[in-house]
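The chain contents come next:
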Amino acid sequence: MNNFTFRNQNGLQFLVCDPMEKIGFINAFSTRMGGVSPLPAESLSLGNFSQDERENVIENRRRFLEAIGAMGRQLVTARQIHSADVRSIRDGHDATAEPTECDALTANIDSALLAVQTADCLPVLLADRRTGAFAAVHAGWRGTLAGIVARTVERMQLSYDTAPVDLLVALGPAIGACCFEVGPEVISQFIDRYKYTGQLVSKQKPDGKAHLDLNLANTRQLADCGVNPENIFDCGLCTVCRNDLFFSYRFERGAQNPVGRLMGVIGQIAKNS
Ligand SMILES: [Zn+2]
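Residues numbered from 1 in each chain as written. Predicted model: local features only at pLDDT ≥ 70, side-chain atom pairs only at ≥ 80, totals over all residues.

## Regarding the overall build of the protein
Stage number 1. Helices and strands together make up the secondary structure of the protein, namely eight helices and 16 strands.
Stage number 2. The C-alpha atoms of the protein give 17 Å as radius of gyration, which agrees with the globular expectation for 273 residues (19 Å, within 12%).
Stage number 3. Reported as C-alpha extents along the three principal axes, the dimensions of the protein are approximately 55 × 45 × 35 Å.
Stage number 4. Restricting the contact set of the protein to residue pairs at least 6 apart, pairs at least 24 apart contribute 63%. (Helix = DSSP H or I, 4+ residues; strand = E, 2+ residues; numbered from the N terminus. Rg over C-alpha atoms; globule rule 2.2 N^0.38 Å. Contact = placed C-beta atoms within 7 Å.)

## Regarding the domain arrangement of the protein
Stage number 1. By domain assignment, the protein separates into domain 1 (4–176 + 227–268) and domain 2 (177–212).
Stage number 2. For domain 1 and domain 2, the distance between their C-alpha centroids amounts to 26 Å.
Stage number 3. Each partner contributes to the interface: domain 1 provides seven residues, whereas domain 2 provides 10 residues. (Domains from an automatic or database assignment.)

## Observations regarding unusual backbone geometry
Stage number 1. Put simply, Leu 39 and Pro 40 share a cis peptide bond, and its omega is -5°.
Stage number 2. Turning to its location among the elements, Pro 40 is positioned in the loop between strand S4 (33–37) and helix H2 (54–67).
Stage number 3. Backbone geometry places Asp 120, a non-glycine residue, at a positive phi of 125°.
Stage number 4. On the secondary structure map, Asp 120 appears in the loop between strand S8 (112–118) and strand S9 (122–128).

## Topic: the sheet that holds strand S13 (residues 201–202)
Backbone hydrogen bonds hold the strands of a sheet together, and the pairing may be parallel or antiparallel.
Stage number 1. Within the open sheet, the three strands sit side by side as S12-S14-S13. Their pairing is antiparallel. Edge positions in the open sheet fall to strand S12 (181–182) and S13, since each of these has one partner strand only. (Pairing = 2+ DSSP bridges.)

## Digging into the pairing of strand S2 (residues 12–17)
Within a regular strand, the side chains alternate between the two sheet faces.
Stage number 1. Here six bridges tie strand S1 (residues 4–9) to S2, and the two strands are oriented antiparallel to one another. For Phe 4, the partnering residue across the bridge sits in S2 and is Cys 17.
Stage number 2. Between the end of S1 and the start of S2, which pair antiparallel, lie two residues, with Asn 10 showing a positive phi angle near 50°.

Pasting the structure below:
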């Protein structure tokens, strides 16, 4: 929790990465209470899915943007598919277009607030202190395996001339290594791709199941891209251990029950506000 603070506004609570705010980026990770979705009552579910009314999500998003001081910003979301695909939001036209299938969004315009929706997967926010470019990334195990944060840094280098050494990165609430058990087929794919997989795995069982550390895996990928490890801030909050604060697809049995969606957002603090 170093470098993060909980803030309360209009009955909502959200988490802010302070160093990222200090260099000029509005950022927030939502918590579950204070909305209008029945997941259960008064849940602040911020993602569209079939088991919640669209009107609820619209009202929840309005409340969230108001609480974090981002009313009037264009909220840009993705149709997340556990890929390693990155979309650049170049202008206001891109920002208002229908969400497309991808798992990372990047931009360098002050009208857009980029969003990632999660309920266990790791939300990653990136901010370039020199150019003002920023990104929001959805990194579950599939995206992590496919190197989505590395792909995002590469895109920022190409599109905005970002130097990785100028990036600040915030890792939001996600299922922690304490709780994230995966099967041997997942571990073996990581071993095939990342030689340091042994460091990411713990609590191995005789049947091959083990716990995977998504936060460390993404931290490692970012460091290998040239991001300074001192500039990678991990809130360290687990969505299962802290199910009182966050939605967890696994803990709440998402395959059988409707589970709400958290949101992590990032944008530029307007120069003249
Ligand atoms: Zn946990």
